[in-house]
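What the coordinates show
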Amino acid sequence: MGEVAEIVDGGFCDSVLNSDNAISAKAAPCSVAHGVLTIKTVSVADEEAAAAGETGAAGQGGNPRDGWLPITESRGGNTVTAVFHILCSGMGIQALMLPVAFASLGWVWGIIILSLGFLWQLYTIWALVQLHESVPGTRYSRFLHLSIAAFGPRLGKLLAIFPVMYLSGGTCVMLVITGGGAMELLFNTMCGGDGTACSAKPLNSVEWFLVFTCIAITIAQLPNLHSLATVSLLGAITAVGYSSLIWILSVAKGRPEGVSYEALIEAKSNETRIGSVLNAIGIIALSFRGHNLVLEIQGTLPSTPKCPSKRPMWRAVIISYSLVALYLYSLAIAGFWAYGNQIPNGGLYIAFPQFHGRDTPKLVMGLVYLLIVASCLSTFQIYAMPIFDNLELQYTGIKDHRCSRRARASLRVFFGCIAFFVAVALPFLGSLALLIGGMTSTLTFVLPCFMWLVIKRPHRKSSAWWLNVGLGWLGVVLWVVMVAAAIWVLVDRGINANFFDP
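Here's what I pulled together on the structure shown here. Here the structure is a predicted model, which means the values were calculated and not measured.

Reading the values: the criteria
- Residues numbered from 1 in each chain as written.
- Predicted model: local features only at pLDDT ≥ 70, side-chain atom pairs only at ≥ 80, totals over all residues.
- Heavy atoms only, no water.
- Axes fitted to C-alpha atoms, helices over the stretch in contact; angles between N-to-C directions.
- Helix = DSSP H or I, 4+ residues; strand = E, 2+ residues; numbered from the N terminus.
- Parallel < 35°, antiparallel > 145°, perpendicular 65-115°, else oblique.
- Contact = heavy atoms within 4.5 Å.
- Nonpolar A, V, L, I, M, F, W, Y, C, P; charged D, E, K, R; others polar.
- Patch = residues over 30% accessible without salt bridge, like charges linked within 9 Å, V, L, I, M, F, W, Y side chains within 5 Å.
- Areas by Shrake-Rupley, 256 points an atom, 1.4 Å probe, with all protein chains shown as cover.
- Salt bridge = Lys/Arg side-chain N within 4 Å of Asp/Glu carboxyl O.
- Lys, Arg positive; Asp, Glu negative; His and termini not counted.
- Charge placed at Lys NZ, Arg CZ, Asp CG, Glu CD.
- Buried < 20%, exposed > 50% of the residue type's maximum accessible area, 1.4 Å probe, protein only.
- Left-handed = near helix turned anticlockwise from the far one by under 90°.
- Expected span 1.5 Å × (residues − 1).
- Bend = angle between axes of the 7 residues up to and from the residue.
- Disulfide = S-S within 2.5 Å.
- Phe/Tyr/Trp six-rings, centres within 6.5 Å; stacked < 30°, edge-to-face > 60°.

1. Section: the packing of helix α2 (residues 79-90) against helix α12 (residues 362-399)
The N-to-C vectors of α2 and α12 enclose an angle of 105 degrees; their axes lie 9 Å apart at closest approach. Between α2 and α12, the angle falls in the class roughly perpendicular. Across the interface between the two elements, H85, C88 and S89 of α2 pack against S378, T379, I382 and Y383 of α12. Across the contact of α2 with α12, the residue classes break down as 3 nonpolar, 4 polar and no charged.

Given below as structure tokens:
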């Protein structure tokens, strides 16, 4: 196969090269008047694939536009900032649903499935961290780009673009709905439903959505992902704060009368039992989130041949997921102990005010809702960043220069308007979360395993090969199970499709 020489500027961020020692097997240093250049040989076939498949945007070789985009604009992160980002993206209100899964499965199976799921998703995170720099001199700082590198332009986009976009944009819409709703509950708790206690006029749900969106987009004017470290820390603290308040107060106030810990599946018909088990498995699977941001967070870390980014990133994962494990298990175990099989379908977010709202001080309830609002505002920022990055990628592709402050602000306001519109148009989106979340679960449980097989190419029938093949296909089965469970829940409970009526 013929070889051609390609000149790559060693200063741009997706080529992790320096003039001293960052020379790969196929690269040699070349000093010129204007700086240090690296001569990298690539095959003609590779160059044709790059032209056809937009390989530059996928992180193949040096791409000057990466220095213009918010995810890779700054490589000044470290283990601590990565911990903040991972905690903020991995914790959320969806974990308050775990006691509902335990009510269907019981203590033993609930803990077993939660533990297996936790270990599984931790392995896929490890795989993504290792694949971030799987090609010497190349960093895949976006999940979509790694998918394209593994499966090719067409199949890579087909498999990854919907999960990535939904888990970013769809999560932001859900945060508008949840955060705006928490703002309304905060106002009603502190000021009364009519606002007389505060001498204020109450707002309707649409107006609260708008207030939340305006605050979120104001915070979103921070330039890049690395600059969000303090915001992510606030998001992690507030998520731990409101969840801890809910489960501690639930335990302290005692259990309602008639609480039972018998698994609900034992008291139902065979068809309903199967549906309840599948639904519980889906709830547990959806409690693990943030995989669509792992590569992006790692992209904020510096990397050299002596100290690749996977080392500080994996330390950050170990630290943060030790805390996430405590977070998930405390909510699941304490929540199920406090309410048993009387837990409502909405989880602890509904159970606590329903059973203990009247005997809880108004300031405490207000603090819970305030922490939820702050957590949603913080989480919105990190989940919106891939959308902002993609919008700016399109802009820089057209204009061929970095976004100005005005253009960047306009793009982010544009996305905020879309998120607000969808939240108002589809306020029942939470009812579809299990269905759409099941459809995107491949990003957490399936794609990392198959990408490892394609890129790393372990020896056939080796332990690594069997592990990734087994987990990958088991993830496909889980995907079918979650979608089937979501359809069963929608048929069994129905859906209130209140379009444009939050």
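Structure's up, so let's keep going.
2. Quick look at a positive patch on the surface
Residues K310, R311, R315 and K456 make up a contiguous surface patch of positive charge. Take K310: it is sitting in helix α10 (residues 310-339). K310 sits in the partly exposed class, given a relative accessible area of 34%.

3. Here we look at the packing of α2 against helix α7 (residues 229-252)
Relative to each other, α2 and α7 sit at 45 degrees, their axes nearing to 8 Å. One element, α2, and the other, α7, form an angle in the oblique class. The handedness of the crossing between α2 and α7 is left-handed. Here α2 contributes T81, F84, H85, L87 and C88 to the contact with α7, which in turn contributes A229, S232, L233, G235 and A236. When the residues that make up the contact of α2 with α7 are grouped by side-chain class, the tally is 6 nonpolar, 4 polar and no charged.

4. Topic: helix α5 (residues 153-191)
An ideal rise of 1.5 Å per residue puts 57 Å on 39 residues; α5 measures up with 54 Å between its terminal C-alpha atoms. Of all the bends found along α5, the most pronounced is centred on A160 and spans about 35 degrees, while P163, a proline, follows it within four residues. Of the residues one or two after α5, G192 is the one with positive phi, at around 85 degrees.

5. Points about unusual backbone geometry
Phi is positive for R457, which is not a glycine, with a value near 50 degrees. Relative to the assigned elements, R457 resides in the loop between α16 (447-456) and α17 (463-493). Residue F500 is not a glycine yet carries a positive backbone phi of 55 degrees. Examined against the element boundaries, F500 turns out to sit in the segment after α17.

6. Remarks on the state of the cysteines
A complete count under the given rule lists 1 disulfide for this structure. There is a disulfide in this structure between C191 and C198, and the S-S distance comes to 1.9 Å. Looking along the S-S bond of the C191-C198 disulfide, the torsion reads about -85 degrees, which is the left-handed sense. Assessed through its relative accessible area of 8%, C191 is described here as buried. Between C417, a cysteine without a disulfide, and C214, which holds the nearest cysteine sulfur, the sulfur-to-sulfur distance is 8.3 Å.

7. Some thoughts on the side chain of T444
Its place among the elements puts T444 in helix α15 (residues 442-445). Contacts of T444, omitting those with residues within four sequence positions, involve Q121, T124, F288 and H291.

8. Side note on a nonpolar patch on the surface
There is a patch of nonpolar side chains on the surface, built from I161, F162, M439, W479 and V480 and spanning about 420 Å² of accessible area. Among the secondary structure elements, those contributing two or more residues to the nonpolar patch are α5 and α17. Within the element layout of this structure, M439 appears in helix α14 (residues 433-439).

9. A short note on α7
With 24 residues, α7 should reach 34 Å at 1.5 Å per residue; the first-to-last C-alpha distance of 34 Å fits that figure. Buried positions along α7 lie against α2, α6 (205-219), α10, α11 (348-356) and α12. One or two residues past the end of α7 sits G254, with phi positive at roughly 85 degrees.

10. Section: the packing of aromatic side chains
Applying the stated criterion across every chain yields a total of 19 aromatic pairs. Between the aromatic rings of F102 and F336, the centroid separation amounts to 6.1 Å while the plane-to-plane angle is 65 degrees, which identifies the pairing as edge-to-face. Of the two residues, F102 is situated in helix α3 (residues 98-131) and F336 in helix α10; the sequence distance between them amounts to 234 residues. Among the residues examined, F102 registers a relative accessible area of 0% and is labelled buried. In this structure F336 comes out as buried when scored by relative accessible area, which is 0%. Consider the rings of F118 and Y321, whose centres lie 6.1 Å apart with planes at 50 degrees: the pair is tilted. Here F118, found in helix α3, pairs with Y321, found in helix α10; they are 203 residues apart in sequence, far enough to count as distant. Each member of the aromatic cluster is reached from another via a ring pair, and the members are F102, W107, Y261 and F336.

11. Some details on the pattern of salt bridges
Summed over all chains, the structure comprises 6 salt bridges. Measuring nitrogen to oxygen at the nearest pair gives 2.8 Å for the salt bridge that ties E392 to R408. Of the two residues, E392 is situated in helix α12 and R408 in helix α13 (residues 405-425); the sequence distance between them amounts to 16 residues. Accessibility classification places E392 together with R408 in one group, the buried group. Residues joined in a network through salt bridges with shared partners are E73, E392, R402, R408 and R412.

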